[in-house]
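Geometric and topological summary
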Amino acid sequence: MGSDRTRRAFLKDGSVGAAALAAIGSGRGSASGRPDGGGTAFICETCATQFPESARAPDRCPICEDERQYVGPDGQKWTTLEAIRGTHRNTIREEEPGLYSISTEPRLGIGQRAFLIRSDAGNTLWDCVGLIDGPTVARVRELGGIARIAISHPHYYTTMIEWSRAFGDAPIHIHEAEGPWVMRPDPAVRFWSGERLDLGAGLALIRTGGHFEGYQVLHWPGGAGGKGALMAGDQPQICMDSRQVSFMYSYPNYIPLNAPAIRRIRACLDPLPFDRLYGAFFLRGKGVIPAGAKATVERSADRYLRAIG
Ligand SMILES: [Zn+2]
Ligand SMILES: [Zn+2]
């Protein structure tokens with residue numbers, strides 16, 4: 001964990017966290033001015049995003065107020081990690097050799113799952129869930145811990161800083177375009193630029209844009225018995241008919257992407273060898289397209305382009 005000086009310098013050096021500081025408003029509880037100055041790190045109930053420690057709950061959640069998300073019908077609500085540790089449990093289950101999913105019951109926030117990809121070069125946490133507790137940390141440690149974290153887009157940033165701290169300040173790789181959406185700034189967050197980042201352990205992040213400007217997928221060439229797997233998160237999204245995927249600017253608010261964005265996503269995925277695709281949700285086609293996923297993506301992109309004219 002960084003010193004006070006490190007955290008202050010980190011905040012001062014970039015635009016990162018400006019939205020977070022604005023959201024905290026007068027609730028900020030630290031005399032030093034750094035956001036993690038004491039108090040409670042509140043969590044938005046609707047998206048499970050955790051904010052910097054503050055004396056009282058933030059005024060708003062910019063991620064939920066964005067047109068891609070929503071504030072719940074009864075208004076903005078907050079919870080804490082301590083509270084959800086008493087009401088929720090994580091399940092960690094093997095999806096295929098070397099790959100484990102981490103999901104939370106009952107549903108927490110958006111309801112996505114995370115994945116742990118094991119490797120001799122250290123394990124990678126792909127995407128994130130809001131609940132991190134003792135049993136989860138113990139099981140992940142048994143599986144070899146976490147050497148690095150990468151998250152597709154801001155809807156799943158959740159409690160990523162808690163996950164990083166629980167595993168030796170593991171670096172969190174996020175595309176620089178998403179800087180303004182990091183609500184809890186921390187030196188563990190490593191912003192990268194460009195279109196591809198090799199993470200080690202044979203994994204690569206590919207920036208596709210679309211749902212978010214810095215949207216990234218994770219390519220795992222060792223997945224699917226060596227045929228390759230695409231860890232897609234929300235995009236391409238597996239449909240209820242798992243022979244189809246789709247692409248949206250907003251899933252809850254049904255805002256489509258335009259044709260150039262679809263063509264760009266397709267061009268980014270085209271060079272990647274993969275046969276299997278893992279999505280963020282268990283209940284959409286069981287959360288996986290087990291084989292032929294590349295052809296499914298191509299067919300679905302064509303279908304989408306025809307639909308939007
Ligand atoms: Zn929220
Ligand atoms: Zn999303």
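What follows deals with the overall build of the protein. Tallying secondary structure elements over the protein gives eight helices and 19 strands in all. Residue burial in the protein is summarised as follows: out of 309 residues, 45% are buried. Contacts in the protein between residues far apart in sequence, at least 24 positions, make up 56% of those at least 6 positions apart.

The next subject is the nonpolar core. Ranked by internal contacts, the top residues of the largest apolar core, which has 71 residues, are F115, C128, I149, I151, M231 and L277. Shared between two domains, this core holds at least three residues of each, these being domain 1 (15–83) and domain 2 (84–308). Look past the residues within four positions of I151 in its chain and what remains in contact with it is D127, C128, Y156, Y157, M160, I172 and I174.

Another aspect to go through is the environment of R141. The topology assignment puts R141 in helix α5 (residues 134–142). Assessed through the 12 C-beta atoms surrounding it within 10 Å, R141 is described here as exposed. Separated by 26 residues in the primary sequence, R141 and F167 have C-alpha atoms spaced 8.5 Å apart.

Each α-helix winds once per 3.6 residues, and so residues spaced three or four apart point in a common direction. Of all the residues in helix α7 (residues 259–269), the buried ones are I262, I265 and L269. Angularly, the buried residues of α7 cover 65 degrees about the axis, an arc narrow enough to put them on a single face. In α7, those exposed residues whose orientation departs by more than 90 degrees from the buried face are A259, P260, R263 and A267.

Once that is clear, we can look at the sheet that holds strand β6 (residues 124–126). The mixed open sheet is built from seven strands, whose spatial order is β3-β4-β5-β6-β7-β8-β9. Edge positions in the sheet fall to β3 (89–96) and β9 (189–192), since each of these pairs with one other strand and no more. Neighbour to neighbour, the strand axes of the sheet diverge by 25 degrees on average, direction disregarded. Pairing geometry for strand β7 (residues 148–150) and strand β8 (residues 172–175), over two bridges, is parallel.

Take the packing of α7 against helix α8 (residues 293–308) next. At a closest axis distance of 10 Å, the pairing of α7 and α8 adopts a crossing angle of 170 degrees. In terms of axis orientation, α7 runs roughly antiparallel to α8. Across the interface between the two elements, A259, I262, R266 and L269 from α7 touch V297, E298, A301, Y304, L305 and I308 from α8. In terms of residue class, the contact of α7 with α8 is built from eight nonpolar, no polar and two charged.

Quick look at the sheet that holds strand β13 (residues 229–233) now. The mixed open sheet is built from six strands, whose spatial order is β10-β11-β12-β13-β18-β19. Among the strands making up the open sheet, the edge pair consists of β10 (196–200) and β19 (288–289). Where strand β11 (residues 203–207) meets strand β12 (residues 216–220), four bridges bridge the pair, whose relative direction is antiparallel. Following the sheet pairing, I206 is matched in β12 by V217.

For the bond from E105 to P106, the omega torsion is -10 degrees, close enough to zero to count as cis. One non-glycine residue, A201, adopts positive backbone phi at about 55 degrees. The class for A201 is partly exposed, based on 18 C-beta atoms found within 10 Å.

The rules we used
Note that residues are indexed from 1 along each chain, following the sequence as it is written. Numbering of ligands from 1 and lettering of chains from A proceed in the order in which they are written. Local features in a predicted model are, by the rule used here, given only for residues with pLDDT of at least 70; side-chain atom pairs are given and counted only at 80 or more, and totals for whole chains, interfaces and linings are based on all residues. Per the convention used, a helix needs a DSSP run of H or I reaching at least four residues, while a strand needs a run of E reaching at least two, with both numbered from the N terminus. Using C-beta atoms placed from the backbone, we call a residue buried if 20 or more other C-beta atoms fall within 10 Å of its own, exposed if 12 or fewer do, and partly exposed for counts in between. In this description, any two residues whose backbone-derived C-beta atoms lie within 7 Å of each other are considered to be in contact. Buried Ala, Val, Leu, Ile, Met, Phe, Trp, Tyr and Cys residues form a nonpolar core when they are connected through C-beta atoms within 7 Å. Per the annotation, domain bounds derive from an automatic or database assignment of domains. The arc in question is the one traced by the directions running from the helix axis out to the C-beta atoms. Strand pairing requires that DSSP identify at least two bridges connecting the strands. Geometry is summarised by axes, namely lines fitted to C-alpha atoms with helices restricted to the contacting stretch, and by angles between N-to-C directions that run from 0 to 180 degrees. For classification purposes, an angle smaller than 35 degrees is called roughly parallel, one larger than 145 roughly antiparallel, one from 65 to 115 roughly perpendicular, and anything else oblique. Gly falls in the polar group here, along with every residue not listed as nonpolar (Ala, Val, Leu, Ile, Met, Phe, Trp, Tyr, Cys, Pro) or charged (Asp, Glu, Lys, Arg).

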